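# Inside the fold
Take a look at the letters that make up each chain.
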Amino acid sequence: MSEKIHSYQYLQDYRFEWWNPDFLELLAKRFNLSQINSIADIGIGLAHWSRLLIPFLSQPLRFVGVDIEYFWIEKAKETFKNIQKEVELSELHFIQDDAHNLSLPSNSFDLVTCQTLLMHCYDPKKVLAEMKRIAKPGGLILAVEPINLLNRLEFSSLINSLSVEHQTSLFQFWSYFHQGIRAKGKGDHNIGAYLPALFQQVGLEKIAVYQNDRVYDSKSDDSISVEDILMEYRKPETAEMIMAGGGNDQIIAEGLESAKFLAELIVSEIQNHNYYSTGFLNTFIFSGFKSE
């Protein structure tokens with residue numbers, strides 16, 4: 001696996017479980033997805049996001065998937081082979097392309113969408129402008145993005161079990177980490193905090209934000225270990241980003257100490273089926289429309 005395919009470990013099938021079915025049904029009604037019969041999925045990966053939208057779209061469906069990595073283009077093709085009996089397609093294409101400079105024609109799609117793409121882009125505003133360009137007049141742009149600093153903090157049934165010192169050290173640990181990502185030109189994992197402003201700056205209209213309503217229930221997974229939880233904390237690249245963001249060895253050490261304390265609490269509560277988290281709530285769906 002090449003280093004360039006950085007998202008490999010994160011694009012797994014658990015992404016299909018990110019959304020409650022009735023939440024997607026509500027969004028489909030709000031956006032009138034049943035009238036949409038052309039879609040471009042930018043940064044398609046394994047097509048987790050568009051795969052969930054397809055049942056709500058009009059058929060026959062014109063579908064184009066775009067990714068900068070040939071690896072993901074091939075994986076997305078496999079996804080569609082598995083669902084070809086479920087979907088009536090008028091057109092199916094996969095294009096290896098840079099989201100900052102799409103080769104797709106202007107005014108071509110009813111829906112242009114992406115999931116956790118903009119957070120990795122060096123110029124997300126330019127990508128949004130490209131997504132707007134290829135949308136038809138009146139077309140819908142949907143972007144799924146997180147505020148990962150919030151996702152890294154403990155918004156769960158254990159929130160009152162952590163001291164102020166532990167909470168502060170975890171906040172510092174991940175704040176310097178995300179600052180390092182920006183300093184290294186690797187995107188912004190907190191882009192959800194200001195994405196509506198970018199939507200406005202590229203000229204989208206009727207901008208809205210929808211918050212994920214999933215709750216993590218420990219009854220569904222009691223196999224997680226302390227080491228599983230600490231894996232992200234202990235990666236060499238995590239320490240590298242903290243240092244790049246202006247952090248130091250003390251911040252890393254204190255963060256790891258607090259993370260271990262928290263991980264042990266989480267595993268204990270999960271094993272007792274008494275752990276609940278609203279962490280999923282910090283993933284958002286941003287919507288906007290191209291002017292008629």
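Details of the structure are given in the entry above.
Treat the numbers as computed from the prediction; the structure is a model and nothing was measured. (Residues numbered from 1 in each chain as written. Predicted model: local features only at pLDDT ≥ 70, side-chain atom pairs only at ≥ 80, totals over all residues. Heavy atoms only, no water.)

For any pair of aromatic rings, the description consists of the separation of the ring centres together with the inter-plane angle of the planes. Using the criterion set out here, one finds 13 aromatic pairs in the structure. Ring centres 5.6 Å apart and planes at 70° place the aromatic pair F80 and F94 in the edge-to-face group. Residue F80 is found in helix α3 (residues 70-83), and its partner F94 is found in strand β3 (residues 89-96); the two are separated by 14 residues along the sequence. Both rings, one in F199 and one in F286, keep their centres 6.5 Å apart while their planes meet at 45°; by these two values the pair is tilted. One end of the pair, F199, is in helix α7 (residues 195-201); the other, F286, is in strand β9 (residues 283-289), and 87 residues separate them in sequence. A residue is classified by how much of its surface remains accessible, and F286, at 2% relative accessible area, is buried. (Phe/Tyr/Trp six-rings, centres within 6.5 Å; stacked < 30°, edge-to-face > 60°. Helix = DSSP H or I, 4+ residues; strand = E, 2+ residues; numbered from the N terminus. Buried < 20%, exposed > 50% of the residue type's maximum accessible area, 1.4 Å probe, protein only.)

Once that is clear, we can look at the environment of E86. Relative to the assigned elements, E86 resides in the loop between α3 and β3. Residue E86 is classed as partly exposed on the basis of its relative accessible area, which comes to 48%. Through-space distance from the C-alpha of E86 to that of I54 is 9.4 Å; in sequence the pair is 32 residues apart. Those residues in contact with E86 that lie beyond four places of it in its chain are R51 and Q59. At a separation of 2.8 Å, a polar atom in the side chain of E86 contacts the side chain of R51. (Contact = heavy atoms within 4.5 Å. Polar contact = N/O pair within 3.5 Å; in protein donor to acceptor, adjacent residues only side chain to side chain.)

Taking strand neighbours across the sheet as the criterion, the 7 strands line up as β3-β2-β1-β4-β5-β9-β6 in an open arrangement whose pairing is mixed. Lying at the two open borders of the sheet, with one neighbouring strand each, are β3 and β6 (205-211). Direction aside, the axes of adjacent strands within the sheet are offset by 15° on average. Helix α1 (residues 21-31) contacts β5 (135-146), β6 and β9 of the sheet and is inclined by roughly 170° relative to β6. (Pairing = 2+ DSSP bridges. Axes fitted to C-alpha atoms, helices over the stretch in contact; angles between N-to-C directions.)

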